[in-house]
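Fold and geometry: a report
Listed below are the residues making up each chain.
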Amino acid sequence: MSSKKVAVITGSGDGLGKGIAERLAQDGFAIVLSDINPDTLAKTEAEFKARGAAVSAFLGDVGKREDQFALVKHAADTFGRVDVFINNAGIEDVMALEDVREADIDRVFNINVKGVIFGTQAAAEQMKKQGGGRVCKIINACSIAGHESYDLLGVYCASKHAVRALTVAAAKELAKHKITVNAYCPGVAATKMWDRIDAEMAKYIDTKPGEAFEKFSAGILMGRPQVPQDVAALVHYLASEDSDYMTGQSLLIDGGMVFR
């Protein structure tokens, strides 16, 4: 059994999730990586091991309840406990609302909403078993799209508004068990997700590659798109003892785009 605190991060094969996992490993956490892409997951696990990190990997689909419970069991079996569970996995959808069909809604909500519900259920069950005086943390990936709605991103925005609501509801239900629930809300990041958004928006607004990304990031007050380390710095705080008195919050980390 590890003496380290243990953090589980879904969708951590690359992108923001990988950046978060790297920061928490630097903070001394034992890390459980989880992703649906086996090749990406294996590559990232190998990188962590090469740096001497305490790490394990789990291949799973967050939209499947049994996979989320199996992930938490894997973490507990490997490292003895779960202190921080991060519902990071998410997918985007670029589509005019008039074109949306049931399958499109299901695809986004299965990951972005069901994944958060099932991850919260699985993590809370394990955290309750552990007992003791340590505050445990569930941390959700929300978005600026959970505070504001954007054209051509209606289904995605709806899913992230749902994450905000679930964060508050779970915080109210789990506080008595010394479990806090908060969320981080990124803005425009130079990741593969934004590459896909940029490409899909071109079909609707006749932009060239990179133009949609440039349009969305042009108004950022800090003068640049964010990088994974920006988001990871906030999650570092939410995962630490310094945030033990905070719960039910969805915090914007967008360089100055949306103001609430």
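No experiment lies behind these values; they were computed from the predicted model shown. (Residues numbered from 1 in each chain as written. Predicted model: local features only at pLDDT ≥ 70, side-chain atom pairs only at ≥ 80, totals over all residues. Heavy atoms only, no water.)

1. Quick word on the pattern of salt bridges
Note the following rule: We count a salt bridge whenever a side-chain nitrogen from Lys or Arg sits within 4 Å of a carboxyl oxygen from Asp or Glu. Segments assigned H or I by DSSP are reported as helices when at least four residues long, segments assigned E as strands when at least two residues long, and all are numbered from the N terminus. Only protein chains enter the accessibility calculation, which uses a 1.4 Å probe. A residue is then buried if its area is under 20% of the maximum for its type, exposed if over 50%, and partly exposed in between.
Counted by the stated rule, this structure contains 12 salt bridges. Across the pair Glu 47 and Lys 18 runs a salt bridge, and its minimum N-O distance is 2.7 Å. One end of the pair, Glu 47, is in helix H2 (residues 38-50); the other, Lys 18, is in helix H1 (residues 15-26), and 29 residues separate them in sequence. The exposure class of Lys 18 is buried, given its relative accessible area of 18%. For the salt bridge of Lys 49 with Glu 45, the shortest nitrogen-to-oxygen distance reads 3.3 Å. With a gap of four residues between them, Lys 49 and Glu 45 both fall in helix H2, about one helical turn apart. Connected through shared salt-bridge partners, Arg 81, Asp 83 and Arg 134 make up one network.

2. A word on the layout of surface pockets
Let me state the cut-off plainly: Cavities and pockets are found on a 1 Å grid laid over the protein atoms alone: a cavity is a set of points where a 1.4 Å probe fits but cannot escape, a pocket is an open set with protein on both sides within 12 Å along at least five of seven lines, and a lining residue has an atom within 4 Å of such a point. Grid points are joined across faces, edges and corners, and a volume is the space filled by probe spheres set on the points. Only Asp, Glu, Lys and Arg are considered charged in this grouping, and only Ala, Val, Leu, Ile, Met, Phe, Trp, Tyr, Cys and Pro are considered nonpolar; every other residue, Gly among them, is considered polar.
Taken as a whole, the largest pocket holds about 880 Å³ of empty space. Of all elements in the fold, only H1, strand E2 (30-35), helix H5 (154-174), strand E6 (179-186) and helix H6 (192-205) reach the threshold of two or more residues within the lining of the largest pocket. If one sorts the elements of the lining of the largest pocket by residue count, H6 sits on top with five residues. Taken together, the residues of the lining of the largest pocket break down into 20 nonpolar, 13 polar and six charged. Its boundaries defined by the atoms lining it, the second largest pocket holds a volume of some 240 Å³. Lining the second largest pocket are 15 residues, with Ile 117, Thr 120, Gln 121, Ala 170 and Glu 173 sitting closest to its centre. Those elements giving two or more residues to the lining of the second largest pocket turn out to be helix H4 (102-130) and H5. The leading source of residues in the lining of the second largest pocket is H4, at seven residues. Class assignment of the residues belonging to the lining of the second largest pocket gives a composition of eight nonpolar, four polar and three charged.

3. A few points about the environment of Glu 22
This is how the line gets drawn: We call two residues in contact whenever any of their non-hydrogen atoms come within 4.5 Å of each other.
Along the polypeptide, Glu 22 turns up in helix H1. For Glu 22, a relative accessible area of 23% translates into the label partly exposed. C-alpha separation for the pair Glu 22 and Pro 228, spaced 206 residues apart in sequence, amounts to 9.8 Å. Those residues in contact with Glu 22 that lie beyond four places of it in its chain are Phe 48 and Arg 51.

4. Considering the packing of aromatic side chains
Cut-off, in case you're wondering: Note on aromatic contacts: the rings of Phe and Tyr and the six-membered ring of Trp form a pair at centre separations within 6.5 Å, being stacked when their planes are under 30 degrees apart, edge-to-face when over 60 apart, and tilted otherwise. Two conditions define a charge sitting above a ring: the NZ of Lys or the CZ of Arg must be within 6 Å of the ring centre, and it must be within 35 degrees of the ring normal.
Within the structure shown, the criterion is met by one aromatic pair. Above the plane of the ring of Phe 48 lies Arg 51, whose end atom (NZ or CZ) is 4.9 Å from the centre.

5. A word on H6
What counts is decided by this rule: One less than the residue count of a helix, multiplied by 1.5 Å, gives the span that helix is expected to have. What the arc measures is the spread of directions leading from the helix axis to the C-beta atoms.
Over its 14 residues, H6 extends 20 Å from the first C-alpha to the last, a length consistent with the 20 Å expected when each residue adds 1.5 Å. Turning to H6, its buried residues number three or more, namely Trp 194, Ile 197, Asp 198 and Met 201. Considered in projection along H6, the buried side chains sweep an arc of 100° and stay on one side of the axis. Every exposed residue of H6 that faces more than 90 degrees away from the buried side is listed here: Lys 192, Asp 195 and Lys 203. Next to the buried residues of H6 lie helix H7 (211-217). Asp 206 occupies a position one or two residues after H6 and carries a positive phi of about 55°.

6. Describing the UniProt feature "binding site: NAD(+)" (unreviewed entry) in the chain
Definition in use: UniProt positions are given in the numbering used here, feature names are shortened, and annotations may be inferred rather than shown by experiment.
Summarizing the sequence annotation, UniProt attributes the feature "binding site: NAD(+)" (unreviewed entry) to Asp 35, Asp 61, Val 62, Asn 88, Tyr 156, Lys 160, Pro 186, Gly 187, Val 188, Ala 189, Ala 190 and Thr 191 in the numbering used throughout. These annotated residues cover 157 residues of sequence, and their C-alpha atoms reach 24.9 Å apart at the extreme, placing them across more than a single site. Considered against the largest cavity, the annotated residues that line it turn out to be Val 62 and Asn 88. In this fold, Asp 61 is placed in the loop between strand E3 (55-59) and helix H3 (65-79). Not counting chain neighbours up to four residues away, the residues in contact with Pro 186 comprise Leu 16, Cys 142, Ser 143, Ile 144, Gln 226, Val 231, Ile 253 and Asp 254.

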